[in-house]
Every structure is written in structure tokens, then in C-alpha cells.
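The primary structure of each chain is shown beneath.
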Amino acid sequence: MGALNDISKILANEFIQSILTKDKVKLCELNSLMQLLITWNIPFELNFSERSRSEASSITIRVIISPSTVIEHLINLEGGAVEF
């Protein structure tokens, strides 16, 4: 699939739009997002950064559309932003 089609598919999806606009993301929603990207055969990276004295814990998801096009979204976990 071409990069433009991948971007269109990702950004047009209502579920993905809801993830990108939420303050809190449930763990099951994060799992569903990963399942969707795998089903679409779209590469992604997921990174958890632990909390430090100066930084809140967070999850970063990077969706790799092409070598020069990446969609990156940061989910801040401060204050229980991920619901289990």
C-alpha cells in the first residue's frame, strides 16, 4: 500500500481519531490500536518512558508511513492517564 493511502486510512478512521483526541486512553484501546495497525500491515513503534523526577511517565506511538513520513503521538500517563 502506498504512503498516501496509509495516511488516509489512518487519519480517516474514527477509532484512531478518538485515540488522538483523548486525554485518557484505556489499555484495551491501545491494544486495539496495535491490532488495527498490524491488520493493516502498517509498521509502528511503541515506547514506554518511565517517570523520573522531572518527567511524567508516557507512551509514545510512532506509525511509520514511509522512511520520510511518521505519525507520532505522545500519551502522557501522569495522574493515571491510562485506565486498566
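Since the model is a prediction, treat every value here as computed from it, not as a measurement.

Definitions and limits used
Residues numbered from 1 in each chain as written. Predicted model: local features only at pLDDT ≥ 70, side-chain atom pairs only at ≥ 80, totals over all residues. Heavy atoms only, no water. Helix = DSSP H or I, 4+ residues; strand = E, 2+ residues; numbered from the N terminus. Axes fitted to C-alpha atoms, helices over the stretch in contact; angles between N-to-C directions. Parallel < 35°, antiparallel > 145°, perpendicular 65-115°, else oblique. Left-handed = near helix turned anticlockwise from the far one by under 90°. Contact = heavy atoms within 4.5 Å. Nonpolar A, V, L, I, M, F, W, Y, C, P; charged D, E, K, R; others polar. Pairing = 2+ DSSP bridges.

Visitor: So what exactly am I meant to see when it comes to unusual backbone geometry here?
Guide: What you tend to see is this: most non-glycine residues have negative phi, and most peptide bonds are trans. Phi at Asn 41 is positive, roughly 60 degrees, even though this residue is not glycine. Along the chain, Asn 41 falls in the loop between helix H3 (27–39) and strand E2 (44–49).

Visitor: Sorry, what's going on with the packing of helix H2 (residues 14–21) against H3 here?
Guide: Axis angle and axis distance: for two packed helices, these are the angle between their axes and the distance between the axes, and together they describe the pair. Packing of H2 against H3 brings their axes to within 11 Å, and their N-to-C directions diverge by 135 degrees. Between H2 and H3, the angle falls in the class oblique. Of the two possible hands of crossing, H2 and H3 adopt the one that is left-handed. Side by side, H2 and H3 meet where Phe 15, Ile 16 and Ile 19 of the first sit next to Glu 29, Ser 32, Leu 33 and Leu 36 of the second. In terms of residue class, the contact of H2 with H3 is made up of five nonpolar, one polar and one charged.

Visitor: Can you walk me through the sheet that holds strand E3 (residues 58–66) in this structure?
Guide: Across a sheet, strands are paired by hydrogen bonds formed along the backbone, either parallel or antiparallel in direction. Pairing within the open sheet is antiparallel, and its three strands lie in the order E2-E3-E4. In this open sheet, the two strands that pair with only one neighbour each are E2 and strand E4 (69–76). For this sheet the average axis-to-axis angle between neighbouring strands, irrespective of direction, equals 15 degrees. Bridging between E2 and E3 involves six bridges; their strand directions are antiparallel. Looking at the pairing, Asn 47 lines up with Thr 60 of E3. Each of E2, E3 and E4 is contacted by H3, which is oriented at about 155 degrees to E2, the strand it contacts most.

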